[in-house]
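# Fold and contact review
So the chains spell out like this:
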Amino acid sequence: MKVGRERRRWWARPLRWWHTVAFATGVLCAPFGFAGNQKEESLADSVRLALSNAILDARPPKPAFTNPADQARYEAWLADMSGRLARKLPDEMHRREFLETVWYEARRAGLEPSLVLGLIQVESAYRKYAVSIVGARGYMQVMPFWTNVIGDRDRRKLFNMQTNLRYGCAILRMYIDMERGDLFLALGRYNGSRGKPAYPNAVLKAWNNWR
């Protein structure tokens, strides 16, 4: 009971130094009950190697087109999404960089960019420095253990835009493949709530809004 009282008193102290620093640097706890909580799983060596290779290429996310029609469709998508995201991401340069990266990393992983936007909406509400109560980080709420499993163990990189989106897209792609294309189950696995409907339904609804 003494430990419990000490814990309550500790939490009751207003504006602890870590709280102040978090707000000063823009690190906010993700406000949604759906924030990421991927489970560390036993992966086959081939899967782990494929994931590791998927996150290694650090080329900037600048799409290149050989077909003018494809480029025109991309530019139209970029303009539309930028207008719709303006309230959430008011800085135009940052917003364009974010959307370019979402499009690039989603397509690279074989995902629809609108699905990734929907997932980010549910996971972090487009907050680059969002941190969930279980420690998931960044736009796609990637759990830090993934940096040990498939990365270089540098957890700080999960706050880098391209790194976070690349991890998130690669992990979601892996789960879709593991579930043999069943997006509902794959989304549940991404959130650590496989088989429960709340999170997949929320992402699918958000995805539909971004199509």
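Please refer to the structure higher up on the page.
The following paragraphs examine the structure supplied in this document.

Let us look at the pattern of salt bridges. Per the stated rule, a full pass over the model turns up 9 salt bridges. Between Glu179 and Arg194 there is a salt bridge; the shortest N-O distance is 2.5 Å. Of this pair, Glu179 sits in the loop between α8 (161–178) and α9 (183–191) while Arg194 sits in the loop between α9 and α10 (198–210), and the two are 15 residues apart along the sequence. Under the relative-accessibility criterion, Glu179 is labelled buried at 10%. Three or more residues joined by partner-sharing salt bridges are found here, namely Glu75, Arg96 and Glu100.

What follows covers unusual backbone geometry. Here the phi dihedral of Gln141 falls at roughly 50°; this positive angle occurs in a residue that is not glycine. When you line up the elements, Gln141 lands in the loop between α6 (113–124) and α7 (145–149). In this structure, Arg180 takes a positive phi of about 55° despite not being glycine. Counting through the fold element by element, Arg180 comes out in the loop between α8 and α9.

What counts and how
Residues numbered from 1 in each chain as written. Predicted model: local features only at pLDDT ≥ 70, side-chain atom pairs only at ≥ 80, totals over all residues. Heavy atoms only, no water. Salt bridge = Lys/Arg side-chain N within 4 Å of Asp/Glu carboxyl O. Helix = DSSP H or I, 4+ residues; strand = E, 2+ residues; numbered from the N terminus. Buried < 20%, exposed > 50% of the residue type's maximum accessible area, 1.4 Å probe, protein only.

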